[in-house]
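Inside the fold
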Amino acid sequence: MSKEDSHNPTEFLVTFQPSGQRLICLPGERLLEVARQNGVRIPADCGGRGRCRSCAVRIEGAAPDPTSTDRDTFSSAELDAGWRRACQAQLHGPCSVYLPRLLSIVTGQNDGPSCVPVEQPILVPDREPGFWLRDDYRVGPLPGTRALGMAVDLGTSNIAAALLDLASGEVICTAAVENPQVVFSADVIGRMTHALANPASGCQMQQLAVEAIAELARRLTDGCSEAIAEVAVAGNSVMQHLLLGLPLESLAKAPYRPYTLGETNRLAAALGLHLALGTWLQVGPNIAAFIGSDHVAALLEVMADPPKSPWMLIDIGTNTEISIFSEGVLRSASCASGPAFEGGILSCGMRAAPGAITRTHLVGDNISLETIGSVAPVGICGSGVVSLVSEMLRNGVIDKRGRLQLTRPGVREQDGLREFVLAEAARDGAMPVVFTQTDIRAVQLAKAAIRTGLDMLLESAGLQEEEIERFIVAGAFGKYLDLESAVAMGLLPAVPAGRIVQVGNAAGAGVRRMLVCARARQRALQLAQQAQYLDLASRQDFHVAFARRSFFA
Amino acid sequence: MNGLEEITSALADLEEEQTLQLVRKAIEEGIPPGNILGACQNGMAEIGSRFESGDYFVSDLIMSGEIFKQVGAILDPLLESGGMEKLGKVVFGTVHGDIHDIGKDIVVNMLKSAGFEVIDLGVDVPVAKFVSALQESGATVLGMSGLLTLAFDAMKETINAVTAAGLRDKVHIMIGGGPVDGNVCKAVGADQWGNDAQQAVKLAKQWLVPAC
């Protein structure tokens, strides 16, 4: 524990750069823990278990001795330069910790129409000016003549929000931030594990989510959050449970029951959100434990202008939700696809930020790379992964079972692990960018999870993939996905050309509808109740179906 | 390559159709079913070492289990009662509260193909079921799998029940699953832990086949 007022002679100062924040630490404290307890954000994609390198920091001064796994993670030059993983680093003396720059403002989340229909408003003006009525409850006073609302897409990685005029449905502005809970873990399972192991962590994550929403509210209103009179939130069930402080126990173990499937209304103030007096926050309804209100919102958005049936909707993320609509019946499934396509668990994975590889072309011995900002490659993001894997397959760099072939150019073996070199280490000490055998395995698992879900839904509807009239790919990853590569590596089905459409953040668009319109909320509730949930993992043939789909045909 | 070697290599290469064809052909040619099973066990052992070297992946192990199961369905009726002599009995299952079965099934298949008799209790196994399976079968090895952190409590509970039933000093206990490590092993009171099927086979051999 760091205590500012203690006078233990063994204590020392740790300074975080570039913020300059200083903390008092005791010998033996773990850097990641110290950072978490004091609100310093260091990402930990694997949950701080020493399995990845996302918490890599550079330590100047009394750098802790590298652990044996640190030696596997970093080159000796990196270790000499002070690179350590925060989850492994046990502090023993004064030092400066240099954090890699995090992109806290996220772009590319603001899809959807600029105005949504209001058939039946949520708030109506009360007789007294400045006050509004939400059913029988009063909201206000509001500073202006308009009542504003905030639609929040509470994602595991990013939180996107839009400010709307509740009467007209006009979208005034949008903003997005990285979900600050990533300091605990990149994925929902890791966050649940932390919250279950230590209730204080659960409270901390609730607070982080609330603070992020409060920050978005300030940003959207130029600091005038009290102009917001209604909030609608959609997210996966774990994000909802954490935000509302609901018990997670039943969600974390079989048979995986959420605390509630229905919609939840809370006074915003009860969560610590300081908006207009009397403002309510509604979290949308869910289909099943792992098909949350974000998927319901995406379905609502698609249904607003229904495509020709049969159609499928897929939102690829750490958890991938898929629905199929055929002959008036909606069936939904969820697949544990993991963070491979978000770069989360890959050795050189990263977000879609400058330096991220987005496309690769392999021709003989030559590799050409496209990066965001056309700068030197730093890592690889989801769309780059799909492009790379399809190129490696096409060129025989990996076989159909996913094994890297040592005979191919660019493939080498380091300490028993094969890797494909995308960019060699640079002279300035920049780390090489590689795609390892383990990375390929992670991609295979993700692809297998998604394709098993897709194929089993098709089967339950009695359809072949070529019969699908519209295949809708939603989500940030899906938006920038190279469809040709995705089909080539078997991630997406080979439906006839032109039938696959990329719609971006459909959940974010759908939650805007739910924010302003009571009818949209009713429809969302109906969708959630009527969707038939297909439990994939309980099927006897799941494993073998899964294993077969992890290969590249 | 003779017929049996062909079977070993087809199975090792995970050639599903070819393996089954070769097995049927060998039966027609009058090769003793026990020898055919032996060839398949050699193939499974080769798959295990390819997995260890990184050439094969979890999915390959699942496929190998699937092929081995199909081979078993063909050979079992032909093998004399009890089939080959078993190396020993192992009780295996995923602990209560957890329904993950992929890893558990891989381990069970690998143990079976290595010659052990496995009493597979399935997933979400109540404590009492583990204890009664040990009592009824007289097995001296217990394997428990769990992928969730919550599963650790269930493992500990099960081991306590085994102790309460007076079986603890007669039974070797191994645990495995995603987050399991040496600390978990110690905390729940198991004897050993492993993170892949090969380790489970090695442990079972170490405990039940002292010569190995």
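Described in the following lines is the structure provided in the data block. (Residues numbered from 1 in each chain as written. Chains lettered and ligands numbered in written order. Predicted model: local features only at pLDDT ≥ 70, side-chain atom pairs only at ≥ 80, totals over all residues.)

**Some details on the overall build of chain B**
Scanning chain B from N- to C-terminus turns up nine helices and five strands. Here the C-alpha atoms of chain B give a radius of gyration of 18 Å, agreeing with the 17 Å that 2.2 N^0.38 yields for 212 residues. If you line up chain B on its principal axes, its C-alpha atoms span 55 × 35 × 30 Å. Taken over 212 residues, chain B has a buried fraction of 47%. The long-range fraction of contacts in chain B, counting pairs at least 24 apart against all pairs at least 6 apart in sequence, stands at 70%. (Helix = DSSP H or I, 4+ residues; strand = E, 2+ residues; numbered from the N terminus. Rg over C-alpha atoms; globule rule 2.2 N^0.38 Å. Buried ≥ 20, exposed ≤ 12 C-beta atoms within 10 Å, placed from the backbone. Contact = placed C-beta atoms within 7 Å.)

**Concerning unusual backbone geometry**
Residues and elements named next belong to chain A. Geometrically, the link from Gly140 to Pro141 is a cis peptide bond, its omega value of 5 degrees lying close to zero. Here Pro141 lies in the loop between strand E8 (137-139) and strand E9 (148-154). Cis geometry is found at the peptide bond from Ser309 to Pro310, where omega equals -5 degrees. Secondary-structure assignment places Pro310 in the loop between helix H8 (293-304) and strand E15 (311-315). Phi angles above zero are rare outside glycine, and Glu327 is one such case at about 50 degrees. Following the sequence through the fold, Glu327 ends up in the loop between strand E16 (320-326) and strand E17 (329-335).

**Things to note about the sheet that holds strand E7 (residues 132-134) of chain A**
Residue and element names in this part refer to chain A. Reading across the sheet, the three strands line up as E6-E7-E8 and stay open at both edges, with antiparallel pairing between neighbours. The sheet terminates laterally at strand E6 (124-125) and E8, the two strands that pair on one side only. Sheet analysis places E7 next to E8, joined by three bridges and oriented antiparallel. The partner of Leu133 across the bridge, within E8, is Arg138. (Pairing = 2+ DSSP bridges.)

**Quick word on the interface of chain A and chain B**
If you look at the interface, chain A gives 19 residues, while chain B gives 17 residues. The set of elements that each furnish at least two residues to the side of chain A that touches chain B consists of helix H4 (188-197), helix H10 (437-460) and helix H15 (542-549) of chain A. When residues of the side of chain A that touches chain B are assigned to their parent elements, the largest contribution, four residues, is made by H10 of chain A. Within the side of chain A that touches chain B, the residues separate by chemical class into eight nonpolar, seven polar and four charged. (Nonpolar A, V, L, I, M, F, W, Y, C, P; charged D, E, K, R; others polar.)

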